[in-house]
Amino acid sequence: MNKLLTVDFLFPKSFSVKKPRVFLAFWFIGTLYASDGNSRTEINPKSIPKPSTTTTMKLKSYDAFAAVQVNGQVLDEDGLALAGATVQIKGTTIGTITDVNGQFTLEVPDGNVVLLVSYVGYQAQEVSVGNVTNIVITLALSNELQEIIVVGYGTQKKADLTGSVATVDVKQMLTRPAADLSNMLQGRVAGVVSSGSNQPGGNGYVRIRGISSFGSNEPLVIIDGVQTSGTNTVNPNDIESINILKDASSAAIYGARGAGGVIIITTKKGVANKNRITYDGYYGVSKVVRYPDMVNTAELGELLFKQQRGAGITPNQPQYGKGATPVIPDYILAGSSGGLFEGNPAVDPAKYNYDQTGFYQIVKANKAGTDWFKELTQVAPTQSHNLTASGGTDRGVYSISLGYYNEAGLQKYTFYDRYSVRANSEYKLGKRIRFGQTLFGSLRNRKGSDDNAEGAPWSNAYRMQAIVPVYDIMGNFAGSKAPGTGNGSNPVATLFRAKDNKDKDVRLLGSLYAEVDLFRGLLFRSNFGMDYNNNFNKSFRAPNPEHSEGNFQTTYNIQSGFQQRSTFTNTLNYTKNFGNHDFNLLAGTEILEYKREQIGGDRSGYYPFTDQSFWVLDRGNPVGQNNFSSLTEEALFSVFGRIDYSFKGKYLLNATIRRDGSSKFAPAVRYGNFPSISAGWRISQEEFMRGFRIINNLKLRAGYGIVGNDQIDGNNQYSFYRSDPGRSFYDLGGANTSTIAGYDLDRKGNLNSKWEETSTINLGFDLAMYNNQFEMNFDIYSKKTSDLLVQIPRPGAEGDFTAPFVNIGNTQNKGIDMVLTYRSKASSKILYSASANFTAYKNEVLSQGVDFFTNSTRNSPVSRTLTGNAIGMFYGYVTDGFFNTVEEVAAAPAQPGINKNTPQQAVGRWRLKDANGNGSVTATDREFLGSPHPKFQTGFNFDIAYKNFDLNLFAFWNYGNQIYNNTKWWTDFNGFTGNRSKKMLYDSWTPENKNASLPKLDANDNISNSVPHSYFVESGSYFRAKTVQLGYTVHNGLSNRIGASNLRFYIQAQNLFTITPYSGPDPDLLDVGRGDIGLGVDHGRVPNPFQILGGLSVTF
Amino acid sequence: MKNFKIYISLLVISLIPVACVQDDFLDRKPVGVFSEEALKTKSGINGILVGAYAGLNGSMYGNGSSAGADVNTFSNWVFGSLTSDDAQKGADVGGSRSNIERYEIAADNTKLDDRWRFCYDGVARCNDVIRITPEVKGLTELEIKNLIGQARTLRGLYYFHATVIFGRLPYVDETTTNFLIPNDRVLWSEMETDLKYGYDNLPETFPELGRVNKWSAGVMLAKIYVHQKKYAQAKALLDVIIASGKTTRGVKYALLAQYHDNFKIATQGSSTDSESVLDAQYSVNDNGRGFNGGLGENLNLPHGGLPTQPGGCCGYHQPSQDFVNAFQTNADGLPYLDSHNAQEVKNDQGIESSAAYSPHTGPLDPRLDWTVGRRGIPYLDWGPHPGKSWIRDQAYAGPFSPKKNVYYKANEGVLTEGTSRQLSANNTRIIRFSDVILLAAEAEAELGNFEKAREYVNQIRRRAANPAGFVKNPDGSAAANYIIKEYTTTWTDKAFSLKAVRFERRLELGMEGHRFFDLVRWGIAKEVLNTYLAYERTKRSNLNGASFKDHNILFPVPQRQIDATKKSDGTATLTQNPGY
């Protein structure tokens, strides 16, 4: 479908017929409409003052037949002259710039030309000359102070904002193509930390102003007034604006759900009388470029022999033999034997048999070595096509878009496909009533894999030895069935076998609304929104006989269900002006209901019929079949209000209150009140500032508010027993194939659990200077979260059940958010802007008595949250050099796993630090090893436009966090039989290399990785050149010829390079899918790829 | 005026949601679950008791994978067998069980935490029954005693299961509300009280054979006496049990005619199963996703994956050479009590399955071939054990396979779980009657009644000597040179009597997870195990450098538990065992 669309669109058959009409339409629109169609433009018909001076400058005039001289003046909205504004004849390069009084003189061919007047920081404007020869043009501030910002249940002029609200530059954001917003947001907004998933269509991670809760810190996402979860619900190309409410004074209107901040997304709407069609598309390819450094086949043999000798054992390896040196065999498997050579009757291909009965696999050794990471990854194409049509009349506007997005995974056989459609419309009924709808529908099909887990394909790539090839001699998968090769799963096989599994969903997210102007200033709005998602997935477990623990068992599993989240909002909004006093009052109610229902079942025993035509439950063996269903419901009811008051546009005051009742809490503690107050002072509007012309805008802001967090399980208040065949049933009668039903405690509820409350004090200022060329936004905040909801690890002695979240303790986040922007031009043709945003926060657990461990690995949990420290700091033993001699072992404090009776064995092992100096290393000697929280993050953006070219550079710097690199547990130690790192072979302790990274090679050393320690902890700082985009906008005349008003091509590269001390493939690891108290542990994650792509954007 | 009406009606409309929202709009109760109130009925409380029994077949923690759940069960192969001279971890190099087998156990070892939580989950389930039963209306006094008696017996069992591993424990009962409890004592008296209650109050028989009855409570109590060296009390109780004890089905306790019937799904729990004192009842294909199958032993099947092999996974829990040697018998048909390693049972170490091999021909105790899988001997109905091709890494952990936990080929697909043939319905026999007889023999020997001890031991050997119960070749001939006889010489000496009783215990209960705890109980663990290591490491690379130290008689308290039980002043509630 996509292909057809593209081709038809680029080469329309009826092109020649339609061209004049399209051109005419374009011309009509062009005369009316300023280049930035998204913002409101006013042509100010002010009376024309006489120019006081007439310093005229003729910059360029190529037209020999110039007939008309136009004089004019360019002013800002306050009537002040704008010096240096560009006045250009549209569609040509003829133009001039205004003088210090904002005046200009320009010769134009005739009165039919359109002047394009632009000035940095202001909205460009087009003016038809007609027969007027003396023109005054008033430019409105662009994208800045006049910009309308979407805030909770309404809008505000940016100039009037008193809270901390960040606006995402959607255009810049879209230069990083991705299926999910979270990936695109990284480094774009001060105070927002985010990271995408590298699984196709996977969920990313967005956190606003750090984490303050032990539970979920996920921000509330609102799309066109519909509360939803996650940012991957929307097609990024449909987004008109993204505003992020960061502090409590702006987010408190969302009460109990605002503590994580609020992301308000508004999608594109049509503009009356501006009909247009836009196509955006790109195609690119991605590739993983940084892999772990693993040993090859010969090196592994060497390492294994060294390890056995290190353990005092004569080397004897199933594959590499028991000679003086390791010998790489010709065959690693024939039947059940390994380490075989050509000529051995066992490897006769005639013996090969892939059937269940008489299974006999023959696998050659990969003598050079399989690079499993390269085998499982692929060069992955991504393409995106979006077609938008919008427009309308004075009675109604519409915007419709079709989108197609397809992304191949970085791992073979994985992909993400999304067809989406958006239809937004609004109609007027008389003068007072407007109604409209928004609708987003998508059909998604996703094939990802596990990630960042020891069973994931990527992680199995370091568990598979290099000697194992991907395929056996007959082209079936080879694997760890070969003796001595461990129990890793061939990751290519895992991915291949899952290729026909389906994970589909259909999502409808939309709203219906009506607005009525009851009387002057009073607006009633009713909005009903729904986010409905129907998911379906099926998976087949295929035989995996090549696996060490493999078999011919087959299971088919099918699951389906729906989620439905309805939001019904009614508001009254009253705006009133009394002279210098501006009021805006808002009152509203909201009802939210969430429902989720799932069913599923599975059967086994499909072998030998494993192909898709047998994938129905009925074909499986009914013995041992399973089925289930589940239902979850949640509800929220709220009333809220807001007052905005402004005196002379200088003194701003804002107060909100919300009262929420949630089904997640017991009746006695069900309701919470969330107030906020904030104030602003626009100093730049004061008379005394009139003298300081270099300052265009200066506003001080201060706010305080309380927001809540209710992101806990809906059943938190309830205690109940379950009746679960696996956990509470027992075969009391000794029947062997049936059980007697019983009950066991499933959950202990807490009737007293209530909201977490976060109070934030926010101080900030917005400054614009030098004709708005320099801008700065600065916020400093202190965020205190009390009554933290946490599911603390309970003593095992209490039994096994789901523990409730309880309110304990409080935390503090102090931080600053800062944005600096500088825009200028080197000449009339070279415009550039540079901006940097800066995010820093410091997290601390304040209240006494908070102390718990999280983040399980193969060792005990490695993260500790303790009063006085940040949340989830890495905790463990400190390695303190090696035992270099027997004497050192004897003299050292006792430590786990070191046997002083056999000191020779301990030589070359790590010495653990006796931190408390009490003469033995025990659990009390553990120390904090690092923090998963970056000290700061900063994004740099640089745009430059020269003639028709534009260039965007974007870089991101993350500094000061640590990563617990748990992949080393597998690659640098004996943990499991598998492949090993080069470091283990070349930089382990020997008497000659006492300054090594790793302890002595010793096949029986199960100790060196048996406790969490400092070797696993590494710096997670990195600097990444994320985006370079070069665009070319086709000259108007040329694009007009094909009927387009705008035509732009671009090429770009992502993730050009990364500078980092981190030894793993990618330090961009914030989201590890283990919650916010499980941050920063690398279990082996598919890294961010290098990507190159080209795109096209055309508007008709 | 007209407009005014419109405004009013719109204001009213906007308030409708407020009016509509009743308090119950925010009541969203979970579905498909049971409140405690709802279970305060006769059938409800019986169901909670079934839940307390459900712990016997293991639980799933952590990642929910059956492969990691082997210690969350009543199988003691990890803590009681691979730690002893009976067996090794097996399989291949590495993993958290390797640290355990080498006595290099860090408190961070996840197996410890899994076992701790498993035992206490069992205790918690029992506590629920004991706490709720008195609140159930309409129960007779007898019914109450019955319910509480079963729960208390099970509680004693769960505590015992943790005690042998961790020693001192925090005591949690049905009244506990604050769970920050120090582990300041071994809970012998608490266990005794519970088991005595069960012994005094439980009926002898039940319709369901899986329940604990008067006699199984009594046996547990006697076992705890023996562990405390209260031999006189143990003897008194064991005498009654041996004279009058019955299975739940009312069958008088007796040894089964054939040794191997203990490990065969077909005979376990049958109407003639007189040897079962307490089994962990396993079941499969019962809608329980395999969670009710033999989780504890699911790694302990020959390595491979072929349909011609049982289970097809993992190859753990491999018998040691030392253990196999112990089954050699001398000219009198008796074991070499002092010198079982003087000569070795032949094995196929280093020999490909495709190469020729003939098994050991010397005299052997027939129980060997029901306990150990070795090359050339029929492996149940799977045909002769082929040797190396069923072993994961022979150079690492030797040539032998476990056998008692293995299911028959005939059971495949019916008594093995559909989604995982590693899980079968072959019960773990937590206590069987031969254990009772050997405990009695031990108590008698300790008390000086050597001849009584000999009588008990001979009773065990007599059953083993039943030729009908030998492993046989397809042609009906014995699979090896089985020679086993009773002790005919009078026992007069305590040292010898104890040695013989203990040796018999090793042979009879081998690979069943008792050995390590027996050695510790006898106070000879360090001596026996270091001797064993010195011998075995000449055969196997995995034990090089390992040694048993005094503190290894107990395992460390899981670090995770110590960390999870910090008091508000930051100090740990739980104390680590000495030496860790």
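Residues numbered from 1 in each chain as written. Chains lettered and ligands numbered in written order. Predicted model: local features only at pLDDT ≥ 70, side-chain atom pairs only at ≥ 80, totals over all residues. Heavy atoms only, no water.

Caption draft 1: Representation of the overall build of chain A within the structure. The helix and strand inventory of chain A stands at 14 helices and 51 strands. Principal axes of the C-alpha set define a box for chain A whose edges measure 100 × 65 × 65 Å. Looking at chain A as a whole, 58% of its 1100 residues are labelled buried. The long-range fraction of contacts in chain A, counting pairs at least 24 apart against all pairs at least 6 apart in sequence, stands at 70%. As displayed, chain A offers around 41700 Å² of accessible surface, 57% of which is attributable to carbon and sulfur atoms. Positive and negative side-chain charges of chain A, numbering 107 and 96 respectively, have mean locations separated by a distance of 4 Å. (Helix = DSSP H or I, 4+ residues; strand = E, 2+ residues; numbered from the N terminus. Buried < 20%, exposed > 50% of the residue type's maximum accessible area, 1.4 Å probe, protein only. Contact = heavy atoms within 4.5 Å. Areas by Shrake-Rupley, 256 points an atom, 1.4 Å probe, with all protein chains shown as cover. Lys, Arg positive; Asp, Glu negative; His and termini not counted. Charge placed at Lys NZ, Arg CZ, Asp CG, Glu CD.)

Caption draft 2: Spatial organisation of the interface of chain A and chain B. Contacts between chain A and chain B engage 118 residues on the former and 111 residues on the latter. The contact between chain A and chain B buries some 9200 Å² in all, and 55% of this surface belongs to carbon and sulfur atoms. Along the contact surface separating chain A from chain B lie 8 salt bridges. Salt-bridge contacts for Asp563(B) lead to Arg926(A); the nearest nitrogen and oxygen are separated by 2.7 Å. Joining chain A to chain B, the criterion identifies 34 residue pairs in polar contact (both at pLDDT 80 or more). For the side of chain A that touches chain B, the leading source of residues is strand E28 (residues 621-647) of chain A, giving 10 residues. Its residues placed into classes, the side of chain A that touches chain B shows 43 nonpolar, 53 polar and 22 charged. (Buried area = accessible area lost by both parts, 1.4 Å probe. Salt bridge = Lys/Arg side-chain N within 4 Å of Asp/Glu carboxyl O. Polar contact = N/O pair within 3.5 Å; in protein donor to acceptor, adjacent residues only side chain to side chain. Nonpolar A, V, L, I, M, F, W, Y, C, P; charged D, E, K, R; others polar.)

Caption draft 3: Structural detail: the packing of helix H7 (residues 188-201) of chain B against helix H8 (residues 214-227) of chain B. Residue and element names in this part refer to chain B. Two numbers describe how H7 lies on H8: the axes approach to 8 Å, and their chain directions differ by 155 degrees. Considering the angle they form, H7 stands roughly antiparallel to H8. In this structure, H7 crosses over H8, and the sense of that crossing is left-handed. Here Trp 188, Met 191, Glu 192, Leu 195, Lys 196, Gly 198 and Tyr 199 of H7 lie close against H8, whose contacting residues are Lys 214, Trp 215, Ala 217, Gly 218, Met 220, Leu 221, Ile 224, Tyr 225 and His 227. (Axes fitted to C-alpha atoms, helices over the stretch in contact; angles between N-to-C directions. Parallel < 35°, antiparallel > 145°, perpendicular 65-115°, else oblique. Left-handed = near helix turned anticlockwise from the far one by under 90°.)

Caption draft 4: Layout of unusual backbone geometry. Following Tyr607(A), the chain continues into Pro608(A) via a peptide bond in cis, with omega recorded as 5 degrees. Along the chain, Pro608(A) turns up in the loop between strand E27 (581-604) and E28. Phi is positive for Tyr103(B), which is not a glycine, with a value near 55 degrees. Mapped onto the fold, Tyr103(B) is located in the loop between helix H4 (96-101) and helix H5 (110-132). Here Tyr103(B) falls in the buried class, since its relative accessible area comes to 4%. At Lys229(B), a position not held by glycine, the phi torsion is positive, near 65 degrees.

Caption draft 5: Region of interest: the pairing of strand E7 (residues 134-138) of chain A. All names here are of chain A. Buried residues dominate E7, accounting for 4 of its 5 residues. In terms of strand pairing, strand E1 (residues 68-75) meets E7 through 5 bridges, oriented parallel. By the bridge assignment for E7, Gly 72 is matched with Ile 135. (Pairing = 2+ DSSP bridges.)

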